Amino acid sequence: MNEHQRKLEQLIEENRRLQRENKRLEEKLNAALDGTGLCLWEQHVPTGKLTIFNMEWGQMLGYNSQELEATVDIWKSKLHPDDYQEVVGALEDHLSGKTSSYQVVHRMLHKNGSHSWVSDRGRVVEFDSQGQPLRMMGTHIDITQEKRYELELAKLASSDPLTGVLNRAKLEQEFHALNQADAPQNAALIFIDLDDFKAVNDQLGHRSGDALLIQVARRLSEIAPDNTLVARMGGDEFVLLSHQTSRQTLNTFVETLLEWGKHAIPLENGVANIGFSIGVCQFTTPYTEFNLLYNLADQAMYQIKKQGKHGAAFVQAN
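Just so you know, these numbers come straight off a predicted model, no measurement behind them.

## Things to note about the sheet that holds strand S8 (residues 237–243)
For step 1, the next point in the chain: Here five strands make up an open sheet; going across it, the order is S7-S8-S6-S11-S12 and the pairing mixed. Looking at strand neighbours, the two that pair on one side only are strand S7 (228–234) and strand S12 (311–316), the edges of this open sheet. Sheet twist, expressed as the average angle between the axes of neighbouring strands with direction ignored, equals 20°.
For step 2, the next point in the chain: Where strand S6 (residues 186–195) and S8 come together, seven bridges link them in antiparallel fashion.

Below you can see the structure in the form of structure tokens.
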């Protein structure tokens, strides 16, 4: 073997060694990335072609690589419709130089019809000779479980744990948001107290009482007028916040609820015979005093209690 051949063999062997080392480094990188759920991607901007380095294209959404072509247009087609404008807008802003990076949290449509939450970020890493974006690199990570946990915590913080309707704190928050509307609106705070609820607990037990409250909350949500929020204040008291609602619509709601209350409500171990004492306080937004409206509706409801229960009284806030 002459010197030239020997050097050639050395170069070939060195190239093989470097390829083996590169492959091991890629395997280590992929293992590290897969362990965190983080996906590394590259976009060839002029063609829109995407390359996923450490997992199969489409895997996060339940597809195999043969089902989806790896392009930006296909990726856009899998964006959740409610997030599309925000996500595409953030990407275009970065490609046009308006922002220093692309970063957004959004939903992607899964093959099974569900959606996944991802945290997506990236930036242009190479420009062509005219200064136009050529290559963009970034990461996205599946944060579905974290996001669902976050949303569940938010729900627990704003809802009644037994019935699932809003709690008082959330209703007050929504009341103050309603009063930020530009144009005045006709609105009403409706205070509802169950008649003879204690008898249900005493005769059938607290478990049946809880089941009854769940049924009542569900029924209120079903028959409440449009643009109405249902909340439980605690015990057997419910308050509804309704806006853009006419007196006729409020009358219809009250009559429907009172008619339902005339009939026995079946439970697992018996039936509940209750009624509804209702106080409706009408007002016009903006109206900042929630507690004042609450007390007026409560007083109107209490007048019904004193007059024999199961009825409704209307008052107007000044």
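## A word on the packing of aromatic side chains
For step 1, the next point in the chain: Going through the model one piece at a time under the given rule, you end up with six aromatic pairs.
For step 2, the next point in the chain: Each ring, one from Phe 175 and one from Phe 283, has its centre 6.0 Å from the other, and the planes form 55°; the classification is tilted. Taken as a pair, Phe 175 in helix H5 (residues 168–178) and Phe 283 in strand S11 (residues 275–284) lie far apart in primary sequence, 108 residues in all. Both residues of the pair, Phe 175 and Phe 283, count as buried.
For step 3, the next point in the chain: Here the guanidinium or amino end of Arg 168 rests over the ring plane of Tyr 294, the centre of that ring lying 4.3 Å away.

## A short note on the pattern of salt bridges
For step 1, the next point in the chain: The final tally for this structure, using the stated rule, is 13 salt bridges.
For step 2, the next point in the chain: The partner of Glu 42 in a salt bridge is Arg 135, and the shortest N-O contact between them spans 2.7 Å. One end of the pair, Glu 42, is in strand S1 (residues 38–44); the other, Arg 135, is in strand S5 (residues 133–142), with 93 residues separating them in the sequence.
For step 3, the next point in the chain: You can call Arg 135 partly exposed: its relative accessible area is 25%.
For step 4, the next point in the chain: Ionic pairing is found between Lys 170 and Glu 174, a salt bridge with its closest N-O pair at 3.4 Å. On the criterion of helical spacing, the pair formed by Lys 170 and Glu 174 is a turn pair, its members being four residues apart in helix H5.
For step 5, the next point in the chain: A residue is classified by how much of its surface remains accessible, and Glu 174, at 26% relative accessible area, is partly exposed.
For step 6, the next point in the chain: A cluster of three or more residues bridged by salt bridges with shared partners is formed by Glu 42, Glu 126 and Arg 135.

Calculation criteria
- Residues numbered from 1 in each chain as written.
- Predicted model: local features only at pLDDT ≥ 70, side-chain atom pairs only at ≥ 80, totals over all residues.
- Heavy atoms only, no water.
- Pairing = 2+ DSSP bridges.
- Helix = DSSP H or I, 4+ residues; strand = E, 2+ residues; numbered from the N terminus.
- Axes fitted to C-alpha atoms, helices over the stretch in contact; angles between N-to-C directions.
- Phe/Tyr/Trp six-rings, centres within 6.5 Å; stacked < 30°, edge-to-face > 60°.
- Buried < 20%, exposed > 50% of the residue type's maximum accessible area, 1.4 Å probe, protein only.
- Lys NZ or Arg CZ within 6 Å of the ring centre and 35° of its normal.
- Salt bridge = Lys/Arg side-chain N within 4 Å of Asp/Glu carboxyl O.

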